[in-house]
Every structure is written in structure tokens, then in C-alpha cells.
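Next come the chains, spelled out residue by residue.
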Amino acid sequence: MTRVGMKRILAWALVILVVIVLANLIFGWLGRRGPVQHVNATAEQFEHGRYLTDVADCAACHTNPGGAPFAGGYPLATPFGTIHGTNITPDPDHGIGRYTSDEFFHALTRGEARDGHQLYPAMPYASYRTMTRADSDAIYAYLMNLPAVAQPNAKNDVHFPANIRTALHGWNMLFAAREIPAASAGTSAQWTRGRYLVDILGHCGECHTPRGALGQMKLDRTMSGNNDLGRYAAPDITPAGLAARGWDAKMLREYLSTGQSKRAVASDEMLTVVGLSTSRLSDEDLTAMTTYLLGDEAPAPKAIALDTRIGEGPAQRSYFNLCAGCHGNDGQGVPNVAVSLRENSSVRDADPHNLIVAILDGLPVHDFPGIARMQDMPGFADDLDDAQVAALSTWLRQRFGGQSEAVSEEAVRDLRGSRTKH
Amino acid sequence: MSTVPSRKRPLTLQVNGRSYGPVDVPEDMMLVDVLHEYLGLTGTRFGCGQGECRACTVIVDDANGPREVRSCITGAHYFEGRRIRTVEGHARRDESGKIVELSNVQQAFLDHFSFQCGYCTPGFVNATTVLIEKLAKAPIAQADVESTVLEALNPHLCRCTGYVRYYQAAKDLVMATPGLVTDGPAKKERTP
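Residues numbered from 1 in each chain as written. Chains lettered and ligands numbered in written order. Predicted model: local features only at pLDDT ≥ 70, side-chain atom pairs only at ≥ 80, totals over all residues. Heavy atoms only, no water.

(A) Geometry of the pairing of strand S1 (residues 75-78) of chain A. All names here are of chain A. Strand direction decides the pairing type here: S1 and strand S2 (residues 81-84), joined by four bridges, are antiparallel. Residue pairing in the sheet places Leu-76 in a bridge with Ile-83 of S2. Where S1 hands over to S2, the hairpin turn is made up of two residues, counted between the paired strands. (Pairing = 2+ DSSP bridges. Helix = DSSP H or I, 4+ residues; strand = E, 2+ residues; numbered from the N terminus.)

Below, the structure written as C-alpha cells:
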């Protein structure tokens with residue numbers, strides 16, 4: 001190629017670049033201005049919007065604990081970096097004050113902000129994709145009638161190359177435009193409503209469905225559990241998974257509405273979900289949720305025989321030394337103090353992940369909805385080595401969980417090694 | 001009712017520098033009960049019985065110590081091979097066992113009228129003692145004393161609500177003891 005030809009190409013490239021930069025500036029500027037919206041809502045509409053905002057659990061990420069409601073700032077740790085919930089109060093500069101209901105619906109269901117930038121999929125638009133326009137409008141009407149908070153959005157810390165927002169167009173085409181397959185079988189009206197509540201509004205699959213290398217939900221395995229998001233795993237909540245750990249509709253309902261049940265208490269991020277969202281659901285919607293989770297034909301919860309023959313040994317001595325003081329010398333627990341370990345969901349889980357993490361790290365104080373509370377559990381990482389934690393986990397699972405398979409030392413070592421990462 | 005039969009195992013404890021045992025102790029018995037029933041050391045208080053109030057706190061001196069351990073929720077056999085200090089072990093005694101001088105922490109609580117009914121006091125004495133010993137190894141800046149005292153004593157409950165005087169006593173003691181605060185009074189030469 002001649003020198004002149006090269007120069008010509010470079011000149012054109014420069015022109016195109018300048019045009020793109022200018023267009024970005026102009027459209028960005030146009031996008032940021034525009035009239036401040038005022039939305040009228042009756043008391044009933046406002047209440048209805050508040051209810052749906054609870055069901056969709058917007059507060060979990062958009063309200064920073066201790067901060068102003070929906071003013072953003074909550075840091076969400078993801079494998080791609082830390083993403084902060086944004087300000088969704090009606091503030092015209094930092095919030096959604098200039099969003100029309102069309103733009104709000106578009107952001108919620110397509111993951112594109114008013115100024116045209118792509119939202120990170122930490123915003124569950126892949127789940128909200130088929131939210132009804134009426135529900136979106138109701139949430140919009142509620143948010144737009146909250147006090148505006150002039151709080152700037154926190155800077156995200158997403159690593160390269162995941163921080164190239166434009167690339168999300170491709171991600172969205174591949175992964176966000178898909179129908180979410182049902183996690184259970186059913187046809188009833190309750191089941192259908194439940195599917196909408198669980199998959200769309202409640203976006204349960206965002207944590208409970210395993211994710212692929214690009215962070216996409218693996219839709220061929222919806223709700224089958226995810227070990228990679230936080231310190232604690234989101235367990236398998238398919239009908240088969242729930243039944244294997246002994247859950248029935250009544251227990252699930254109790255768990256979702258109070259955070260406590262015979263099988264487990266809500267901990268970690270799920271405790272937030274219960275507090276901000278599921279405990280505020282109507283009776284009908286709770287029934288719909290459990291109907292969908294278990295399916296119209298709910299599988300019988302698996303019965304296990306507690307193996308009382310398992311006794312003496314170092315693992316049992318660890319149990320008496322460190323666990324029995326609160327959980328009781330036969331695992332029965334103490335109401336409002338420590339959970340029963342007998343048939344406990346995490347003890348019964350085929351994957352010992354959460355059991356090991358609880359033993360190593362302990363658990364903070366649990367404040368359940370209302371006045372119920374459970375005290376903190378100390379962690380025993382300093383008291384027990386890998387072999388002892390593995391032996392104790394194995395003993396607990398055999399004794400109280402109907403799981404005969406031994407927990408490996410390697411599993412404990414891995415989880416001990418990742419202690420500070422989360 | 002428990003379906004696990006309660007077996008006994010011999011246990012030897014090192015408490016306040018003295019060795020006790022071996023004595024046969026049920027393997028599911030908590031330390032506080034052994035202190036009370038087998039060793040006659042009744043100074044450690046049984047409060048809530050669930051590890052919440054910390055009245056039962058004792059000090060353990062092991063590889064991770066000195067540290068606080070709640071004796072009402074920790075099995076006695078856990079302490080095999082570990083050295084324990086209870087509230088009885090702080091004051092200086094003469095050869096007949098008579099107390100001749102309180103520890104600095106005990107004296108500070110008395111001077112500040114920190115406690116009323118006294119039920120939580122053994123826990124506070126042990127927690128503050130651990131705090132002082134930790135600060136002796138890792139002194140802090142004067143500006144951090146208040147928050148450090150709060151952090152150390154916050155888990156301890158006092159139903160008479162004597163918190164302010166406990167915290168004040170602990171803070172004054174930290175400030176007055178040489179070597180605990182980096183920008184405080186200089187460490188004195190120790191005479192052997």
C-alpha cells in the first residue's frame with residue numbers, strides 16, 4: 001500500500017472517531033437532560049407499588065443498610081468486581097427523576113438506562129424481562145412518589161474486560177433474551193402466579209441458578225443451586241432438591257414468611273431476602289410461591305432415620321466440646337438461640353459446603369422479621385483443624401442428616417483458604 | 001430427652017495455676033458446671049446459659065491466648081491441656097490463701113463503683129484483663145482507646161446497666177498503665 005493510501009485511511013479513521021465522540025457527547029447530554037417527571041398516584045396505587053417493589057426486592061441492592069431508602073450505594077460483590085446499587089429515588093440528577101414510565105420499563109426489562117448505557121446484569125433484567133407493564137408502572141409510580149435523595153452514585157469496580165459496557169449488547173443478545181424454563185411442573189393458576197413471582201419479580205434464579213463462565217444463568221439447570229456467588233452457597237431449590245432435604249410446602253411457607261422453620265433458618269443473604277421481601281408477601285402470593293417451587297404435584301419430602309448408633313469418637317467429642325452447649329447434646333437446638341441440627345437442611349444437603357462454612361466462620365446475630373432473634377454462632381476455624389472439621393461435619397451429617405458420605409479434608413481446606421475472599 | 005448416654009471421662013484441668021484431677025466428668029458437661037460442682041470455684045457466674053450474657057467468661061491461655069471463652073457453652077473436656085484463669089485467680093494472696101491485694105482491674109472497678117449486684121463482674125474482670133494483656137503486647141494510639149474498650153466490653157451484659165462506669169474504669173486503667181498506649185505514659189523499668 002502507498003503512503004498516500006495509508007494517510008487517507010488514517011484521516012478517515014480520525015474523522016469517524018471524532019464523529020463518534022461528538023455523537024456520544026451530544027446524545028449523552030441530551031440523555032441527561034429532559035423534563036423532570038411528576039407522577040400522580042392514589043394511596044391505593046402507591047401501596048400496590050410498594051408491595052410489588054417488596055416482591056421484586058429492589059431494596060436489597062438499592063438501599064444501603066443505614067442509608068436513605070433506595071438512594072443506592074450497596075456494594076454487591078460479583079466474580080467480575082464490585083457493583084453498587086444505584087440511586088432510584090426521584091432525584092433528577094442522581095436518581096430516576098427524569099425517567100418516563102416507558103424508559104423505566106425499558107431499563108427494568110432490557111437493562112438499558114435512560115441515557116443509553118447498558119446496565120450490568122447484576123441488575124436482574126434477565127429475570128425482569130417478562131415483567132408486566134402494569135407491574136413496572138406500579139413500581140415506577142411508587143418510587144417516583146418517594147422523597148428524592150440527592151446522593152451521587154458510587155463508582156463501580158468491575159475488572160477489565162467485563163467493564164466494557166458496550167459489550168453487554170452482545171451478552172444481552174446471547175443470554176438476556178431467553179425465556180426462563182420452569183423449574184417445576186404445573187398448570188394451576190397458583191402455579192402460574194408463583195412462576196411469575198419466583199422467576200420474574202422475585203428473581204430467585206439470579207442466585208439459585210448456577211452461572212456459566214460469562215456470568216450467564218445456566219437455564220438448563222434452573223434453581224439447582226450456586227456455590228460461586230458468595231461465601232455461602234445458594235442451595236438447590238428444585239422440587240427434587242427441596243424434597244431430598246425434607247422440605248414440604250408448610251415448612252417452606254413458614255421459612256419464607258418468618259425466616260424460621262423446622263428445617264432451617266434463613267441466614268446470610270437469604271435473611272435479607274426474607275426480611276425485605278418474602279416476609280411481606282400476601283398469603284395468596286406465598287402459597288403461589290411454594291406451589292411453584294414444589295410443583296403442582298409436590299414430591300414427598302424424603303424421610304430419613306436419624307442414626308443414633310453413631311457415637312463415641314473424636315468427632316463426637318468435638319461436638320460436645322464446642323457445639324452441644326447451644327445445639328443441645330442431641331442436636332435438638334434451643335428455640336430463639338440455636339437451630340436444631342436434626343434434619344437441618346444444611347446438614348442434610350448432599351453438598352457439605354454451607355455446613356463447613358458455618359463451622360469455620362460462625363454466623364452473625366440473626367434478626368428475623370418482627371421481634372424474633374437468634375444469637376451469633378462463634379466460628380471454630382482456630383479451634384479445629386481441617387481433619388477435625390471434616391470429621392465433625394461427617395459425624396453431624398451421619399448422625400442428624402441421613403448423609404453417609406464422608407466429608408473430605410480437601411473440601412475443608414479449600415473453604416478455609418477462601419475465608420477472607422468474601 | 002437425650003438419646004445419647006452420658007459417659008464419663010477422666011479430666012485434668014489447670015485452673016489459676018493449680019492442677020485439678022484427674023476426675024471423672026460426664027463428657028457433655030459444660031465447664032461452668034465443673035468449676036462449680038467439682039472444683040468448688042463458684043466465682044464464675046452462670047447467667048443466661050446460652051453464651052449471650054458473658055457472665056460466665058473465663059480466660060484461656062493457649063496458643064491463641066489469652067482469650068475469653070464462655071464457660072457455659074463450652075464443654076469441660078475442651079479445656080484438657082489448656083490453662084484457665086477464673087475470677088478467683090486475679091488477686092494476690094498470701095501463703096494461707098488470704099487475699100492481700102486486688103488486681104489492677106478489680107481495683108479500678110471498685111474505685112469507679114462500676115458494679116452494683118455484681119453478677120456480671122467476673123465476666124467484666126476477665127474481659128478487661130484480657131484487653132490489658134493484649135494491649136501490653138500491641139499498644140494502641142490514645143485516640144483509639146475509647147473505641148477499643150467499647151469493642152472489648154460491648155458483648156458483656158450488665159442488667160444493672162453499669163456500663164458507663166465499667167467502660168470509664170477500663171479506659172482510665174488503660175490510660176494510666178504504662179506501655180498500653182503508644183503516645184501515653186512511658187513504660188516503666190520493671191524491677192524483678
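(B) Expanded view of the packing of aromatic side chains. Counting across every chain of the model gives 14 aromatic pairs over all chains. Plain terms: the ring middles of Trp-395 of chain A and Phe-400 of chain A are 5.8 Å apart, the flat faces sit at 85° to each other, and that makes the pair edge-to-face. Of the residues examined, Phe-400 of chain A reaches a relative accessible area of 0% and is grouped as buried. Note on Tyr-163 of chain B and Tyr-167 of chain B: the rings are 6.2 Å apart at their centroids and 50° apart in plane angle, and the pair reads as tilted. Taken together, the positions of Tyr-163 of chain B and Tyr-167 of chain B, both in helix H5 (residues 163-176) and four residues apart, correspond to about one turn of that helix. The exposure class of Tyr-163 of chain B is partly exposed, given its relative accessible area of 24%. (Phe/Tyr/Trp six-rings, centres within 6.5 Å; stacked < 30°, edge-to-face > 60°. Buried < 20%, exposed > 50% of the residue type's maximum accessible area, 1.4 Å probe, protein only.)

(C) Molecular detail of the sheet that holds S2 of chain A. All names here are of chain A. Read across the sheet, three strands follow the order S1-S2-S3 without closing on themselves; strand pairing throughout is antiparallel. In this open sheet, the two strands that pair with only one neighbour each are S1 and strand S3 (157-158). Pairing analysis gives two bridges linking S2 to S3, with the strands arranged antiparallel. Bridge pairing in S3 places Thr-82 opposite Asp-157.

(D) Up close: unusual backbone geometry. The residue after Phe-160 of chain A, namely Pro-161 of chain A, is reached through a cis peptide bond having omega 0°. Locating Pro-161 of chain A in the fold gives a position in the loop between S3 and helix H7 (168-176). With an omega dihedral of 5°, the bond running from Gly-21 of chain B to Pro-22 of chain B counts as a cis peptide bond. Summarising the element assignment, Pro-22 of chain B is placed in strand S2 (residues 18-26). Positive phi outside glycine occurs at Asn-336 of chain A, with the angle close to 65°. Relative to the helices and strands, Asn-336 of chain A resides in the loop between helix H14 (314-327) and helix H15 (345-348).

(E) Fine view of the interface of chain B and chain A. Listed by partner, the interface residues are 23 residues for chain B and 20 residues for chain A. Interface area for chain B against chain A, summed over the two sides, is near 1,800 Å², with a carbon-plus-sulfur share of 43%. One can count two salt bridges joining chain B with chain A. Between Glu-52 of chain B and Arg-373 of chain A there is a salt bridge, with the nearest N and O atoms lying 3.4 Å from each other. At the junction of chain B with chain A, the criterion picks out seven residue pairs in polar contact (both at pLDDT 80 or more). Along the lines of polarity and charge, the residues of the side of chain B that touches chain A split into five nonpolar, nine polar and nine charged. (Contact = heavy atoms within 4.5 Å. Buried area = accessible area lost by both parts, 1.4 Å probe. Salt bridge = Lys/Arg side-chain N within 4 Å of Asp/Glu carboxyl O. Polar contact = N/O pair within 3.5 Å; in protein donor to acceptor, adjacent residues only side chain to side chain. Nonpolar A, V, L, I, M, F, W, Y, C, P; charged D, E, K, R; others polar.)

(F) Molecular detail of the sheet that holds strand S4 (residues 67-70) of chain B. Residues and elements named next belong to chain B. Read across the sheet, five strands follow the order S2-S1-S5-S3-S4 without closing on themselves; strand pairing throughout is mixed. Across the chains shown, the open sheet's two edge strands, defined by having one partner strand only, are S2 and S4. For this sheet, the mean angle separating the axes of adjacent strands, direction not counted, is 40°. Of the pairings in the sheet, the one linking strand S1 (residues 8-15) to strand S5 (residues 83-85) comprises two bridges and is parallel in character. Of the residues in S5, the one forming a bridge with Gln-14 is Arg-83. Running at roughly 30° to strand S3 (residues 57-61), helix H3 (residues 121-137) makes contact with S3, S4 and S5 of the sheet. (Axes fitted to C-alpha atoms, helices over the stretch in contact; angles between N-to-C directions.)

(G) Expanded view of the pattern of salt bridges. All names here are of chain A. Following the criterion strictly, the structure yields 30 salt bridges over all chains and no others. With a closest N to O distance of 3.0 Å, Arg-342 and Asp-330 form a salt bridge. Note that Arg-342 is positioned in the loop between H14 and H15 and Asp-330 in the loop between H14 and H15, a separation of twelve residues in sequence. A residue is classified by how much of its surface remains accessible, and Arg-342, at 30% relative accessible area, is partly exposed. For Asp-330, a relative accessible area of 2% translates into the label buried.

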